[in-house]
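# A look at the structure
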Amino acid sequence: MKVTALAGGTGAAKLLRGLAACVGPRNLTVIGNTGDDLEIWGLHVSPDIDSVTYALAGRLDVERGWGLAGDTFRCLEAMAQLGADSWFNLGDRDLATHILRTQALRDGAALSTVTAHIARDLGVQALILPMSDDSIRTWLRTPEGWLTFQEYFVREKALVEVLEVAYRGAEGARPAPGVLEAIAAAELIVVCPSNPVTSVGPVLAVPGVVHALAGARAPVVGVSPIVAGAAVSGPAGDLMRARGLPVSPVGVALAYAPWLGVLLIDPRDQACVPALLAHGVSPAVADIVMTDREREVALARRVLETLGA
Ligand code: GDP
């Protein structure tokens, strides 16, 4: 079974590990968010793509949900001592990824090529595609002005109010090679439990992606990142509110209308079933909070089972 998944970072990483275990990594293509990529210390960092790559390589720091397991932060300490920006945590071994990526981009390679090389060298068998080789950046308007996603999320700890969201650069961008093909060729398309506004939103903002999803022969199955009126983690709730979406599985369904077929929801959100049906989305109730590997695999299996339903 060929599965193509739209993915952010931490929430996606867990489900992707489960999917890779169920269908085999070679049958899995990941379309990753680059809207929260940033340049720090002159290096191109792709936080979501790296989380997914490290997770599928079995190297992700599971406690933190980002970075490499067992990494140290001595360079960060030294940079702070020198007065450099130190609000974005980059581990020592993690730096190798960013240095290599930056070097390759500077030599003219496309982000998709570099992403594939890094994944291959770390032993990842799934195909990881950035949504675009072109620069698309998520900006958030706050009462103090516009911030990039990482400034908002990491530096400001998501404590400032968001008034507006923009995907700068999206209009003129093209999908990375293989993105539209992976959507068209999939037997199942999965929207990971990721932030609908800042993780999946930028992927959908790439011209051609929504059209491809709407025209895909495969069913599209999503997993709600919202459970019982709040995000499982992170600022998805606040950002959905900023976009005028209800903070519930119904808001998730609205963000993915009209091409979402099935949405997996938590038993605590049973009350959303009629509204989801009214929006043309088939709800499937499941244990969607992944607190360990077993639950990741069980949820992946449940996602795959929706095909037969
Ligand atoms: P980020 O870029 O690191 O924020 O990564 P994602 O967008 O992939 O993940 C964050 C989203 O995943 C948040 O909206 C969380 O609510 C959601 N999430 C995290 N863990 C889980 C989980 O175990 N189950 C579900 N259903 N959602 C989760």
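Preceding block: the structure.
Small disclaimer: the values here were computed from a predicted structure and weren't measured.

## Points about the side chain of Thr 142
In this fold, Thr 142 is placed in strand β6 (residues 137-142). Here Gly 145 takes part through its backbone oxygen, which lies 2.8 Å from a polar atom of the side chain of Thr 142. Not counting the four nearest positions on each side in its chain, Thr 142 is found in contact with Leu 147, Val 160, Glu 161 and Leu 163.

## Some thoughts on the nonpolar core
Grouped together as the largest cluster of nonpolar side chains are 52 residues, with contacts concentrated most on Tyr 152 and Ile 183. In contact with Ile 183, not counting residues within four places along its chain, are Thr 4, Ile 31, Ile 189, Val 209, Ala 212, Leu 213 and Ala 216. Counting 34 residues, the second-largest nonpolar core is a separate cluster that includes Val 23, Val 30, Ala 126 and Met 290.

## Notes on the sheet that holds strand β7 (residues 145-148)
Hydrogen bonds between backbone atoms are what pair the strands of a sheet, whose relative direction is either parallel or antiparallel. Spatially, β7-β6-β8 is the arrangement adopted by the three strands of the open sheet, whose pairing is antiparallel. Every other strand in the sheet has two partners, leaving β7 and β8 (164-168) as the edge strands with one partner each. Strand after strand, the sheet turns through a mean of 30 degrees between neighbouring axes, direction not considered. In this structure, β6 lies alongside β7, joined through four bridges in antiparallel fashion. Each bridged residue has a counterpart across the sheet, and for Leu 140 the counterpart in β7 is Leu 147.

Each value, and the rule that gives it
Residues numbered from 1 in each chain as written. Predicted model: local features only at pLDDT ≥ 70, side-chain atom pairs only at ≥ 80, totals over all residues. Heavy atoms only, no water. Helix = DSSP H or I, 4+ residues; strand = E, 2+ residues; numbered from the N terminus. Polar contact = N/O pair within 3.5 Å; in protein donor to acceptor, adjacent residues only side chain to side chain. Contact = heavy atoms within 4.5 Å. Core = buried A, V, L, I, M, F, W, Y, C linked by side-chain atoms within 4.5 Å. Buried < 20%, exposed > 50% of the residue type's maximum accessible area, 1.4 Å probe, protein only. Pairing = 2+ DSSP bridges. Axes fitted to C-alpha atoms, helices over the stretch in contact; angles between N-to-C directions.

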